[in-house]
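Topology and contacts: notes
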Amino acid sequence: MNFHTRKWVRPEDLNANGTLFGGSLLRWIDDEAVVYAMIQLGNKRIVTKFISEINFLASATQGDIIEIGLVAVKFGRTSLTMRCKVRNIITGEIILSIDKIVFVGLDEDGNPVEHGYDAVTYERDRFPDHMLGRR
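Residues numbered from 1 in each chain as written. Predicted model: local features only at pLDDT ≥ 70, side-chain atom pairs only at ≥ 80, totals over all residues. Heavy atoms only, no water.

**Looking at the overall build of the protein chain**
The following threshold applies: Each helix is a run of DSSP H or I of at least 4 residues and each strand a run of E of at least 2, with the numbering of both proceeding from the N terminus. In this description, contact between two residues means that some pair of their heavy atoms is separated by no more than 4.5 Å. In this description, accessible areas are obtained by the Shrake-Rupley approach with a 1.4 Å probe, and a residue is regarded as covered only by the protein chains that are shown. Counted as positive: Lys and Arg. Counted as negative: Asp and Glu, with His and the chain ends omitted from the count. Taken as the charge centre is NZ of Lys, CZ of Arg, CG of Asp or CD of Glu, depending on the residue.
Helix and strand counts for the protein chain stand at two helices and six strands. Dimensions along the principal axes, computed over C-alpha positions, put the protein chain at roughly 45 × 35 × 25 Å. Taking contacts inside the protein chain between residues at least 6 apart in sequence as the whole, the part at least 24 apart equals 68%. About 8100 Å² of surface is accessible on the protein chain, with carbon and sulfur atoms providing 47% of the total. One way to put it: in the protein chain the 17 positive side-chain charges average out to a point 2 Å from where the 18 negative ones average out.

**Digging into the UniProt feature "domain: HotDog ACOT-type" (unreviewed entry) in the protein chain**
To be explicit about the condition: UniProt positions are given in the numbering used here, feature names are shortened, and annotations may be inferred rather than shown by experiment.
According to UniProt, the positions carrying the feature "domain: HotDog ACOT-type" (unreviewed entry) are residues 1-109. When the span residues 1-109 is considered, its composition is 18% helix and 45% strand, and the gap between its end C-alpha atoms is 34 Å.

**Describing the pattern of salt bridges**
Rule in force here: Take a side-chain nitrogen of Lys or Arg and a carboxyl oxygen of Asp or Glu: if they are within 4 Å of each other, that pair is a salt bridge. Any residue under 20% of the maximum accessible area for its type is buried, any over 50% is exposed, and the rest in between are partly exposed; the area is computed with a 1.4 Å probe on protein chains only.
By the definition in use, this model includes four salt bridges. Here Glu-12 makes a salt bridge to Arg-10, at a shortest N to O gap of 2.7 Å. For Glu-12, a relative accessible area of 51% gives the class exposed. Given a relative accessible area of 38%, Arg-10 falls into the partly exposed group. Connected through shared salt-bridge partners, Arg-6, Glu-67 and Arg-87 make up one network.

**Comments concerning the nonpolar core**
Test applied: Among buried residues, the Ala, Val, Leu, Ile, Met, Phe, Trp, Tyr and Cys ones that are joined through side-chain atoms within 4.5 Å form a nonpolar core.
Leu-25, Ile-29, Ile-66, Met-82, Cys-84, Val-86 and Phe-103 are the most contacted members of the largest nonpolar core, which totals 25 residues. Elements that contribute at least two residues to this core include exactly α1 (22-41), β4 (65-75), β5 (79-88) and β6 (94-105). Counting residues per element, this core draws most heavily on α1, which supplies seven residues.

**Some thoughts on a nonpolar patch on the surface**
For clarity, the cut-off: Here the term patch refers to residues with relative accessible area over 30% and no salt bridge, with like charges joined within 9 Å and nonpolar side chains (Val, Leu, Ile, Met, Phe, Trp, Tyr) within 5 Å.
Together, Trp-8, Ile-65, Ile-89 and Ile-90 line one region of the surface with nonpolar side chains, adding up to about 390 Å² of accessible area. Tracing the backbone through its elements, the reader meets Ile-90 in the loop between β5 and β6. Classification of Ile-90 as exposed rests on a relative accessible area of 51%.

**What about α1?**
Spelled out, the test is: Multiplying one less than the number of residues by 1.5 Å gives the expected span of a helix.
If you check α1, its first and last C-alpha atoms are 28 Å apart, about what 20 residues at 1.5 Å a residue would give, namely 28 Å. Within α1, the full set of buried residues consists of Ser-24, Leu-25, Trp-28, Ile-29, Ala-33, Val-34, Ala-37, Ile-39, Gln-40 and Leu-41. Packing partners of the buried residues in α1 comprise β1 (2-8), β2 (46-51), β3 (54-56), β4, β5 and β6.

**With respect to the side chain of Ser-97**
With respect to the secondary-structure elements, Ser-97 resides in strand β6. For Ser-97, a relative accessible area of 18% translates into the label buried.

**Topic: the environment of Leu-57**
Summarising the element assignment, Leu-57 is placed in the loop between β3 and β4. Filtering out sequence-adjacent residues up to four positions away, Leu-57 remains in contact with Ile-94, Ile-95 and Leu-96.

**Comments concerning the environment of Phe-103**
Here Phe-103 is to be found in strand β6. Residues Phe-103 and Phe-21, spaced 82 residues apart in sequence, show a C-alpha to C-alpha distance of 24 Å. Aside from chain neighbours lying at most four places away, what touches Phe-103 is Asp-30, Ala-33, Val-34, Ala-37, Ile-46, Val-47, Thr-48, Lys-49, Thr-78, Ser-79, Leu-80 and Met-82.

Written as C-alpha cells, this is what we have:
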C-alpha cells in the first residue's frame, strides 16, 4: 500500500472528545481516493459508488500527523475498486481500514462510461490532452 497523503490534525478537525472527528477523516479519504480514481480512469467525472464497512481501530489527537494509504484492487468495466488504510505517524497505530471503496466514471450526461483499463498506471497520462487544456 502506498501512503502518499499526510494530514496534520488541527483543532477544527476534532470532535467533542478532543480526538479526530470521523467525518473529517472520511472527507479526506474520499478527496484523496477520487483524485486517485480520476488519474487511474483518465476521467474527471468520477463519483463514489460504494464504501464498505469502516473499521475504526484507533484515533488521533491535535498535532498528530496521519497518512492515508490507497491501493487499487480491481478494475471493473466502468469502475475502480480500492482499499484504504490510515495510520498515525506519531503513535504508529492504524487508525482505520476500509476494504472496499468503489468509484465509477461518468460521461457528460452522468451515465457510467467504460474506461478500458485493467491495470494501475504510475504515470499521470491517462487524461486526454483535450481534458487538460494542453495545446
